[in-house]
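# What the coordinates show
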Amino acid sequence: MKKQFLFSALHNVGVSSLLRSQKKKRITVLSLHRISDEPDFFWNPIRPGSFERLLQYLLEHYTIICFRDIAEYLDQSTGTKPLLILSFDDGYYDFYEQALPILLKYGVKANHNIVNACASDNQVIWTQRLNTLFSHCMKQGKELPFSHQRESWKLSDFHGNWMNFYQHSYQIFLRIPYTERLAIIEEKEQLYGVSTTVRMMNWEEVIHCAKQGIEIGSHTYHHDVLSTITDRDILINEIVRSKTDMESRLGIPVTVLALPNGQAHADIDEIAAMAGFSHILYVGEKLNEMEKYKGPGPVHSFRINVVEESLPEMILRTEMFHAKLKRHA
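Below, the structure is looked at part by part.

Let us now look at the environment of G262. If you trace the backbone, G262 turns up in the loop between β8 (256-258) and α11 (268-275). Given the relative accessible area of 17%, G262 is considered buried. C-alpha of G262 to C-alpha of V198: the two residues are 64 residues apart in sequence and 22 Å apart in space.

For the rest of this paragraph, the subject is helix α6 (residues 126-140). Given a rise of 1.5 Å per residue, 15 residues ought to cover 21 Å, and the 21 Å separating the end C-alpha atoms of α6 matches this to within 8%. Counting buried positions over the 15 residues of α6 gives 11, a clear majority of the element. Among the residues of α6, W126, T127, Q128, R129, L130, N131, T132, L133, F134, S135 and C137 are the ones counted as buried. Buried residues belonging to α6 abut β5 (146-148), α7 (162-173) and α8 (178-192). Directly beyond the C-terminal end of α6, a positive phi value near 70 degrees is found at G141.

Where helix α4 (residues 93-106) contacts helix α9 (residues 203-211), the two axes come as close as 10 Å, and the packing angle between them is 35 degrees. When you trace α4 past α9, the crossing you get is left-handed. Contact residues: Y93, F95, Y96 and L100 in α4; E205, H208 and C209 in α9. Grouping the constituent residues of the contact of α4 with α9 by class yields five nonpolar, one polar and one charged.

Turning our attention to the packing of helix α10 (residues 232-250) against α11. Direction vectors running N to C along α10 and α11 enclose 40 degrees, while the axes themselves pass 10 Å from each other. One element, α10, and the other, α11, form an angle in the oblique class. Of the two elements, α10 crosses α11, and the hand of that crossing is right-handed. For the pair α10 and α11, the contacting residues are R232, L235, I236, I239, V240 and K243 in the first and I268, E270, I271, M274 and A275 in the second. Grouping the amino acids of the contact of α10 with α11 by side-chain chemistry returns eight nonpolar, no polar and three charged.

Strand β9 (residues 279-283) sits mainly inside the fold: four of its five residues count as buried. Handedness of the crossover joining β8 and β9 through α11 is recorded here as right-handed. In the sheet, β9 pairs with strand β11 (residues 299-305) via five bridges, with the strands oriented parallel. When the bridges of β11 are listed, Y282 appears paired with F302.

About the criteria used
- Residues numbered from 1 in each chain as written.
- Predicted model: local features only at pLDDT ≥ 70, side-chain atom pairs only at ≥ 80, totals over all residues.
- Heavy atoms only, no water.
- Helix = DSSP H or I, 4+ residues; strand = E, 2+ residues; numbered from the N terminus.
- Buried < 20%, exposed > 50% of the residue type's maximum accessible area, 1.4 Å probe, protein only.
- Expected span 1.5 Å × (residues − 1).
- Contact = heavy atoms within 4.5 Å.
- Axes fitted to C-alpha atoms, helices over the stretch in contact; angles between N-to-C directions.
- Left-handed = near helix turned anticlockwise from the far one by under 90°.
- Nonpolar A, V, L, I, M, F, W, Y, C, P; charged D, E, K, R; others polar.
- Parallel < 35°, antiparallel > 145°, perpendicular 65-115°, else oblique.
- Right-handed = clockwise from strand over helix to strand, strands pointing away.
- Pairing = 2+ DSSP bridges.

Here it is, written out as structure tokens:
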């Protein structure tokens, strides 16, 4: 309650407005994932009601565009609203079910980056499977031990703190190659009888989103952690195959590449340029200078991750309050 009161007070005295006034000639890109009333202790979705209230605020204070629109706004005049992009990742079905109707209600555009394997084969991204596994074991009181090579860890190592245990595990999984990572998750799923009920969008639903004005981008073919890929051919397949497959299904150019889990690769710019991507999306609490979009691509864009919080805190996060606080801590 103290935290909510603090953020509400900061917003009400004009901190949000002051921070927003410093965004001239800069583009704010928000990173979003699930919009759902279904709780997830380890990665809580934004509730549809919270998303709609945030959207109402953004519409009042920003011009909301997509990446494909940036060129039209590079020479915007003084006094106009700052630019903002809503950028979704992963292709969860709840975007189609919950977020899309709200976006259409207000006539708002958004970017959504899709994982081909999910849309094609009803696969669920490994991060969601990990969340489901952890949620199941937490509810059942299971220890959930892990081991990989010479490293082993379990809940009791973190004094029963499930979130610390999860975050430590997640960071280790980011370093483990794809097939080994999936093998570990699948072994635990079978051991504990776990399967996720979360759905991803199929191609029919993705195509419907595109027809409604949603800018479809690539989130790679399998949602692999690109920094773990040592075989250049596999890396090319993740990026180039994803783009060509999407374009053949959608019948329109796909120019946005969002890096899974924010993890890049030394060859990413070269391969993305070769494939014809104009934008590469990273995580990181940074604003994007409009000047950089005048140069040759692919252009790096940074996104502010937005999660389920009170509306004043979501607004302040959007206005970079949290990022500035970290820099001055």
